[in-house]
Every structure is written in C-alpha cells, then in structure tokens.
Amino acid sequence: MRYLSTRDGRADPATHTFEDVLLAGLAEDGGLYVPQGLAALDGAGLRALAGLSYAELAARVMALFTGEAFDIAELRRLSETAYGNFRHAAVAPLVQLDDRLWLLELFHGPTLAFKDLALQLVGLMFDAVLARQGEHVTIVGATSGDTGSAALAACRDKAALDIFMLYPEGRISEVQRRQMTTVDAANAYALAIDGTFDDCQDIVKALFADRRLRRELKLSAVNSINFARVAAQIVYYLAAGLALGAPARPVSFSVPTGNFGNVYAGHLARALGLPIERLVLGTNTNDILARYLETGAMTIAPVVPSLSPSMDIQVASNFERLLFELKDRNGGAVAAALQAFRQTGALPADEQSWRRARGMFAGHRVDDRMTLDTMADTYRRSGVFIDPHTAVAVAAARIEMAGDSGATPMVAFATAHPAKFPDAVERATGIRPALPPALALLIDKRERITLLPNDVGAVARFVRAHARRTQPNLGAA
Ligand SMILES: *Cc1c(COP(=O)(O)O)cnc(C)c1O
C-alpha cells in the first residue's frame, strides 16, 4: 500500500510508504495523505473477520494499510498492548437503546473519550518505527482540553518520544487539567501557559517555525490529520457492523462530527466493503458541514462555543480527503479550491461534487437545546446517561430514522463518557453522573503543574532543557 498527497497535482504524483505517512503526518506540499488504492473485501473476507477479539480485528485491519512497515505478528503485539489498557473487555461495546437504535461506547480508554481508540495504538506504532530507525522525536501540541490528555496518555513512557502539551491556564475544566497534570511519566509534560488557547497555538506554531529548534529536537505532532489515526478508526465500524449482522445485513452510523476524521473513517469502512446504508454526520451549531450537504455551499462562519466543545470547529481538516475523491483525485483541483477557500472563506461551488457528497453522507444540525432534550429523553426512555457529543449523534440518528420506515440498525457513536461533562448531564437530567473509578482516582493523584509565561522563548527553553533528543538505537530491543 502506497499513499498520495491530496495536493499533488502532477501527472505522475509521488507515492509514500506507510512509515513516511505515520511519521510525517502532513505531506510536504501541505496536503493530507490518502491511500493510492483500496481493495475491498468480499463477503467471505468480511465474514472471516466476524467474532474476532477487538485487538485481533484491529491488527488485521491495520495490516491492510501498513504495507511493509509492520508484519501481522508485530501489529498483533502492539494492538494487544494498546487495547489491553481499556476498561471494558469488548473495548467498544454496543448498547441497545430501542428496537433500531444502538450506542457504540467509544469511551472505555484511559481518557474516557474516543480519541484513545486510535491514539493508544498509533502511539505504540510511532514508538516502534522510531526505535527501529534509532530516532527520537519531540512532540509538541496545544490543547483546549480533550485531545491533550489523549495524546499524553498515548505517548507516556515511550522510549523514542517526549511530549509537551500546552494548555491555557485556568481555561480548561478541572477534570481535563487533572487528566494531564497527573500523568506521572518522565517523558510527558503538561505545560500551563499564562494565556488563551490561541496563545498556546501561536507558541506551537512559532516553535515549528524555528528551523534550528525543529531540527535539533526533531519536532513532530500527533494531530487528527495523521492517516494512521483514521485507519485505526475504521476498526470499530467493522466491529459494530459485523456484530449486528453484516455483511448479510446492512447497518447505518451516526457520528458526532468536528474535524471529519471519525466519519471519514466510516466512509473508508464502506469502501472496504462494509455494507453501510446511511452515514449520518451530526454537527452542533458550528454546522458548516451540515450546511454544505444541505445547500452545496461551504462558507466559513465564526466558531460559536457550544455544549459539545470538541466539535466547535469550522474548518474540518479531514474534509480535504473527501474533496480529493469528489474531485476525481485531482490534486491540482484540490489545492486550487482550498486556496480559494482560505482567501474568500467560501469553497468554489461545484455541483457535481456536492451531488456526490450528498449520496455518501446525510447531515443534521443539532443545537444546544436539542442536545439537552436528547440527553433528558435518552435517560427517561432508556435509563442511560449520554454526554453532549453523544447526544448530537443520537439526535441526528433520530432525525434520519424519522425520514424512513426501514429496519436497518442505526449505531450512534458515544464519543465521551457522560462523567466528562457532568454539568451538562446534570442540567439535562437533574442527576450528576458518577465518576468511573479511573476518574475518581484523579482527585487523589498528585498534580505536576508547570506554569510558564505566554512567551515563545520561555517555552523553547523549557522544551530544550527537558527533551531527551536522539540516542543511538534508543529503545531497540
Ligand atoms: C474529537 C471529538 C469529536 C469529533 O470527532 P472528529 O473526528 O473531529 O469529527 C466528537 N466527540 C468527542 C468527544 C471528541 O473528542
């Protein structure tokens, strides 16, 4: 398997290995990596995947994407380590809400949100490839809350990585802060910055722009545009679909969407042969994607804070991967469309692309009122607490199901544990959800807080002083 950049417009585009894609994240031309070709599994191929453990399924699915970078035995070992950390033996269990609607619980990982499912495995893959190459990288990133803790949890104690996560001091929730500051690992640092999230992002950008520092510390990122993360997210679509009767019976999914990474993985699961009838994306009031599907116009609007903060996004970076397909894999056309988008705030109209996109996805916008109503209604009807992100998926699923009389099972993704958003759950249901034991423990753990001024120089000095840099064959067995 080789990969292309979505912005490579040459007649004979360059191809890249999985190792390159994993380590680089972003292509050099600013594009995102996508598989050059995907061979679909037939019915027998899908049936052979039914009934496997989650870790085994993950190893087999990743093997379709990793080319020569990993053999199946190594993938199995990494996958068993990654998913052995989860608090539920099924890793991603299905819970039935009513005769047609199911929840897929993606919050049983170390930080109680779905990003653990990909990051736990990808962190290990990163470390394995670096160890093999005798390399060491320094990961820096900025977080407004959730991704930071998932990245720290994924990179902690890895020999070939150090990780520094910047967060805005006093501007994230206590649970979010404790999830980062109680990580007790010699290579993982949560840095409280005396500033806003935007300040943190500006500092990270400035660190990457400093060529000397970048080379000296081999700066890297683990953001959601890394294709390895997308690939790891395909696994739970297959797990849920097979459990509900695929390939004999089709299945639909409803996905609470921000950066378009999760729902794009569903699109790839369908390309691999999983019979997906409807792929529904739910957005909060930051509804650029739902508006695009409805009207064909993709126009940027200011970000409005909502009850589902991990979806408060206007520019969904992973949409570029779909755009590449909609434009018949013409990298030049993608680069031109995105440049116009950056300059004017609107994607140039393209009726044919829009019609295709509408055939692939349904989109529904769910505002805060409907989010709270759905949380209350789900608790009343089924006795199940759901967090606001999950509520967007459940509401979008119900809207979609109201429009058809079929019987295809609909799986809504539960992307965060309700106890991560206790205020919203209490507002909707009158009850404060209990912390699961893993989170309750956080209250007693010692916090390690490093407070730094809102200053690039100060952060650069701290990172330089604490990063371990390359050591020959570090971590190689
Ligand atoms: C990141 C996140 C989302 C959005 O997922 P995308 O892949 O960015 O579309 C939804 N819910 C939660 C809880 C998240 O952390």
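**Some remarks on the packing of aromatic side chains**
Phase 1: The full count for this structure, using the stated rule, is 18 aromatic pairs.
Phase 2: Here F164 and F462 contribute two aromatic rings whose centre-to-centre distance is 6.3 Å and whose plane-to-plane angle is 85°, an arrangement assigned as edge-to-face. Taken as a pair, F164 in strand β6 (residues 161-168) and F462 in helix α20 (residues 456-466) lie far apart in primary sequence, 298 residues in all.
Phase 3: Taking the relative accessible area as the measure of exposure, F164 reaches 0% and is therefore buried.
Phase 4: Summarising the aromatic geometry, the rings of Y236 and F413 are spaced 5.5 Å apart at their centres and angled 80° between planes, so their arrangement reads as edge-to-face. In this pair, Y236 sits in helix α10 (residues 227-243) while F413 sits in strand β12 (residues 410-414), placing the two residues 177 residues apart along the sequence. Accessibility assignment for this pair places Y236 and F413 in one class, buried.
Phase 5: Taken together through their ring pairs, the aromatic side chains of Y3, F18, F65, F70 and F227 make up a single cluster.
Phase 6: The positively charged end of R132 is found above the aromatic ring belonging to F70, 5.1 Å away from the centroid.

**Considerations on the site of the ligand**
Phase 1: With respect to spatial proximity, 14 residues lie near the ligand, and among them K115, G258, N259, N262 and T415 are the closest.
Phase 2: K115 places a side-chain nitrogen or oxygen 2.6 Å from an oxygen atom of the ligand.
Phase 3: Burial of the ligand by the surrounding chains reaches 96%, relative to a free accessible area of 390 Å².
Phase 4: When its residues are assigned to classes, the shell around the ligand shows five nonpolar, eight polar and one charged.

**Concerning the sheet that holds strand β13 (residues 450-452)**
Phase 1: One open sheet holds the five strands; their spatial order is β8-β5-β6-β7-β13, and the pairing between them is parallel. Of all strands in the sheet, those with a lone pairing partner are β8 (219-220) and β13, marking the two edges.
Phase 2: For strand β7 (residues 188-193) and β13, the ladder comprises three bridges, and the chain directions are parallel. Note that in β13 the partner of L191 across the bridge is T450.
Phase 3: Against the sheet, helix α6 (residues 146-155) touches β5 (137-142), β6 and β7, its axis set at about 165° to β6.

**Concerning unusual backbone geometry**
Phase 1: For the bond from A246 to P247, the omega torsion is 5°, close enough to zero to count as cis.
Phase 2: Its place among the elements puts P247 in the loop between α10 and β9 (251-256).
Phase 3: We note that V91 has phi near 65°; this positive angle belongs to a residue other than glycine.
Phase 4: Within the fold, V91 resides in the loop between α4 (72-84) and β3 (94-96).
Phase 5: Of note in the backbone geometry, K218 takes a positive phi value of approximately 50° without being a glycine.
Phase 6: Residue position: K218 is located in the loop between α9 (211-217) and β8.

**Notes on the pairing of β5**
On any regular strand, side chains alternate: one points to one face of the sheet, the next to the other face.
Phase 1: Counting buried positions along β5 yields five of six residues, so the element is predominantly enclosed.
Phase 2: The pairing of β5 with β6 spans six bridges and is classified as parallel. Across the sheet, I139 pairs through a bridge with I163, a residue of β6.
Phase 3: In terms of handedness, the path from β5 via α6 over to β6 forms a crossover that is right-handed.
Phase 4: Examined bridge by bridge, β5 and β8 share two bridges and lie parallel to one another.

**Comments concerning helix α3 (residues 54-63)**
Phase 1: Of all ten residues that make up α3, eight are buried, and the element is covered over most of its length.
Phase 2: In this structure, the buried residues of α3 make contact with α4, α5 (115-133) and α10.

**Re the pattern of salt bridges**
Phase 1: Inspection of every chain in the model, using the stated rule, returns 27 salt bridges.
Phase 2: A salt bridge links K218 to E135, with the shortest nitrogen-to-oxygen separation between them at 3.7 Å. Of this pair, K218 sits in the loop between α9 and β8 while E135 sits in the loop between α5 and β5, and the two are 83 residues apart along the sequence.
Phase 3: Between R380 and D377 there is a salt bridge, with its nearest N and O atoms 3.8 Å apart. In this pair, R380 and D377 both sit in helix α16 (residues 368-382), three residues apart, roughly one turn of the helix.

**A few points about the packing of helix α13 (residues 319-326) against helix α14 (residues 331-344)**
Phase 1: Interhelical geometry of α13 versus α14 gives an angle of 130° and a closest axis separation of 9 Å. Relative to α14, the element α13 is oriented oblique. Of the two elements, α13 crosses α14, and the hand of that crossing is right-handed. Every residue of α14 that contacts α13 at E320, L323 and F324 is listed here: G331, V334, A337 and L338.
Phase 2: Its residues placed into classes, the contact of α13 with α14 shows five nonpolar, one polar and one charged.

Reading guide: rules and limits
One numbering rule holds for all chains: residues counted from 1, following each sequence as written. Restriction of local features to residues with pLDDT of at least 70 applies here, the model being predicted, together with a cutoff of 80 or more for giving and counting side-chain atom pairs; totals for whole chains, interfaces and linings are based on all residues. Calculated side-chain values reflect all of the structure's heavy atoms, with hydrogen atoms and water omitted. Only Phe, Tyr and Trp rings are paired, with Trp represented by its six-membered ring, and only when their centres lie within 6.5 Å; those with planes under 30 degrees apart are stacked, over 60 edge-to-face, the remainder tilted. We count a stretch as a helix when DSSP gives it H or I for four or more residues in a row; a strand needs E for two or more, and each element gets its number in order from the N terminus. Only protein chains enter the area calculation, which uses a 1.4 Å probe; residues under 20% of their type maximum are buried, those over 50% are exposed, and those in between are partly exposed. By definition, being over a ring means that NZ of Lys or CZ of Arg is both within 6 Å of the ring centre and within 35 degrees of the ring normal. Note on definitions. A residue lies near a molecule or strand when any single heavy atom of the residue is within 4 Å of it. Two N or O atoms form a polar contact when they lie within 3.5 Å of each other; inside protein one atom must be a possible hydrogen donor and the other a possible acceptor, and for residues adjacent in sequence the pair counts only when both atoms belong to side chains. In these tables, accessible area is a Shrake-Rupley quantity obtained with a 1.4 Å probe, and a residue counts as shielded only by the protein chains included in the view. Think of it as three bins: nonpolar holds Ala, Val, Leu, Ile, Met, Phe, Trp, Tyr, Cys and Pro, charged holds Asp, Glu, Lys and Arg, and polar takes everything else, Gly as well. If DSSP finds at least two bridges between two strands, the strands pair. Two residues form a contact once any of their heavy atoms are found within 4.5 Å. Structural elements are reduced to axes, namely lines fitted to C-alpha atoms, with helices fitted over the stretch in contact, and the angle between N-to-C directions of any two is expressed from 0 to 180 degrees. Look down the strands so they point away from you; if the path from the first strand over the helix to the second goes clockwise, the crossover is right-handed. One speaks of a salt bridge when a side-chain nitrogen belonging to Lys or Arg is within 4 Å of a carboxyl oxygen belonging to Asp or Glu. Geometric relationships in this document are graded by angle, where less than 35 degrees denotes roughly parallel, more than 145 denotes roughly antiparallel, 65 to 115 denotes roughly perpendicular, and other angles denote oblique. Helix crossings get a hand from a simple test, with the near helix turned counterclockwise from the far one by less than a right angle marking a left-handed crossing and a clockwise turn marking a right-handed one.

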